[in-house]
Amino acid sequence: MVAKILDGKQIAKDYRQGLQDQVEALKEKGYTPKLSVILVGNDGASQSYVKAKNKAAEKIGMISEIVHLEESASEEEVLSELERLNNDDSVSGILVQVPLPEQVSEQKVLEAINPEKDVDGFHPANIGKLYIDEQTFVPCTPLGIMELLKHSDMDLEGKNAVVIGRSHIVGQPVAKLLIQQNATVTILHSRSQNQQEFLKNADVIVSAVGLPGLVTKDDVKEGAVVIDVGNTPDENGKLKGDVEYDEVKEVAGAITPVPGGVGPMTITMVLNNTLLAEKMRRGIE
C-alpha cells in the first residue's frame, strides 16, 4: 500500500477559492473583511508567517494590515494597540503573532483581544464555547487538520484516533473536534505509557509535538490516516515533521507531507475565521 498524499497546498488553494467567492459576495453588500496582525519584534520566522498571512488575505480580496512594534515595546504599548483595533469598526479580525518578547505577557494580550475579533480562537471565551459545542472561532491549525481529514475519505465515526501532544493550541482542540465527529480519542503525551500500543490500534494519528522521527513505520497500522503537525528545522534549516514520512507512507492509507501539509491549511483557516468574524458582526448567515 502507498498512502494517498494529503496535499495541503492544493486543498488550501481550492478552499481559498471558495473564500474568495464569499468575500466578493460580501463586497457587493458593502462589506470588506479586514485582518489586522500585531507583530512585536524582528523574529525571522514570525515575520515570514505574518507576511504569508498578509499576502494570502489580500489575494482573496480582504484588506490586511501589519502593526509592527519594536522588540522593546512595552506590554502597555501592545495592549494599547489592541484596544485601538478592538474599537476600530473597519477591523474584522485580530491576530497577535507569538512568541512575544519576555516583557509582554502572552496570556494578558490574548485575553485582551475582543472575543468577537479573535480569529486565532485562543481567547478563553472562544475556547469555552468550543468545549460546549457553541459556534465560535476554532483554533486555525486544528480546523485545518479537520479539513485535511475530510479529504482522506475516512468516515471518522466510531474510529480510533490518537492525538500526540496536549497543547491548548493544537492537541486538545483537535481532540475535541474529533470527538464532535464521533471518533474515540486518546491523547498521548510525555508521561503516557505503552504509547505504541495505542498508536498501532489507531485509525487516525495526529502528531503535534515537534520531535522529528517520533512516529515510525512500526507505530502505524496499515491503512491509518497520519496527520503530521511537526515543523522542526534541522541543522540546514529544512523543516522536519514528527513522522518518518518516507517509511510511513508505505503503510498509511493517507498522510500529510512536511512542508506542504498542515501549514497551508493553518493560514487558510485564519482567512476562514476572518470571513466568519465579518459575517457574524454584520448578522449575515
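Residues numbered from 1 in each chain as written. Predicted model: local features only at pLDDT ≥ 70, side-chain atom pairs only at ≥ 80, totals over all residues. Heavy atoms only, no water.

J.: So what's going on with the layout of surface pockets? Residues and values would help.
T.: In this structure, the largest pocket encloses a volume near 990 Å³. If you list the elements that add at least two residues to the lining of the largest pocket, you get helix H2 (44–59), strand E4 (93–96), helix H6 (140–150) and helix H10 (262–281). Per-element accounting of the lining of the largest pocket gives the leading share, 6 residues, to H10. Grouping the constituent residues of the lining of the largest pocket by class yields 21 nonpolar, 11 polar and 4 charged. Empty space within the second largest pocket amounts to approximately 360 Å³. Taken together, 13 residues make up the lining of the second largest pocket; nearest its centre are Ala-12, Lys-13, Arg-16, Ala-56 and Lys-59. Looking at the lining of the second largest pocket, the elements that each hand over two or more residues are helix H1 (8–28), H2 and H10. Looking at the lining of the second largest pocket residue by residue, the class counts come to 6 nonpolar, 2 polar and 5 charged. (1 Å grid on protein atoms, 1.4 Å probe; cavity = no way out; pocket = protein on both sides within 12 Å on 5 of 7 lines; lining within 4 Å. Points joined across faces, edges and corners; volume = space filled by probe spheres on them. Helix = DSSP H or I, 4+ residues; strand = E, 2+ residues; numbered from the N terminus. Nonpolar A, V, L, I, M, F, W, Y, C, P; charged D, E, K, R; others polar.)

J.: Residue-level account of the packing of H6 against helix H7 (residues 171–180), with values.
T.: Viewed as axis vectors pointing N to C, H6 and H7 meet at an angle of 40°, and their least axial separation amounts to 9 Å. Taken together, H6 and H7 sit at an angle that is classed as oblique. In this structure, H6 crosses over H7, and the sense of that crossing is right-handed. Residue-level inspection shows Pro-142, Leu-143, Ile-145, Met-146 and Leu-149 of H6 in contact with H7, the latter providing Pro-173, Val-174, Leu-177 and Leu-178. Of the residues belonging to the contact of H6 with H7, the class tally is 9 nonpolar, no polar and no charged. (Axes fitted to C-alpha atoms, helices over the stretch in contact; angles between N-to-C directions. Parallel < 35°, antiparallel > 145°, perpendicular 65-115°, else oblique. Left-handed = near helix turned anticlockwise from the far one by under 90°. Contact = heavy atoms within 4.5 Å.)

J.: Go over H7, please, and point to the residues and values.
T.: Here H7 lies mainly inside the structure; 7 of its 10 residues are buried. Every buried residue of H7 is listed here: Gly-171, Pro-173, Val-174, Ala-175, Lys-176, Leu-177 and Leu-178. The secondary structure elements touched by the buried residues of H7 are helix H5 (124–131), H6, strand E5 (160–164), strand E6 (184–188) and strand E7 (204–207). Note on H7: the residue one or two positions beyond its end, Asn-182, has a positive phi of about 65°. (Buried < 20%, exposed > 50% of the residue type's maximum accessible area, 1.4 Å probe, protein only.)

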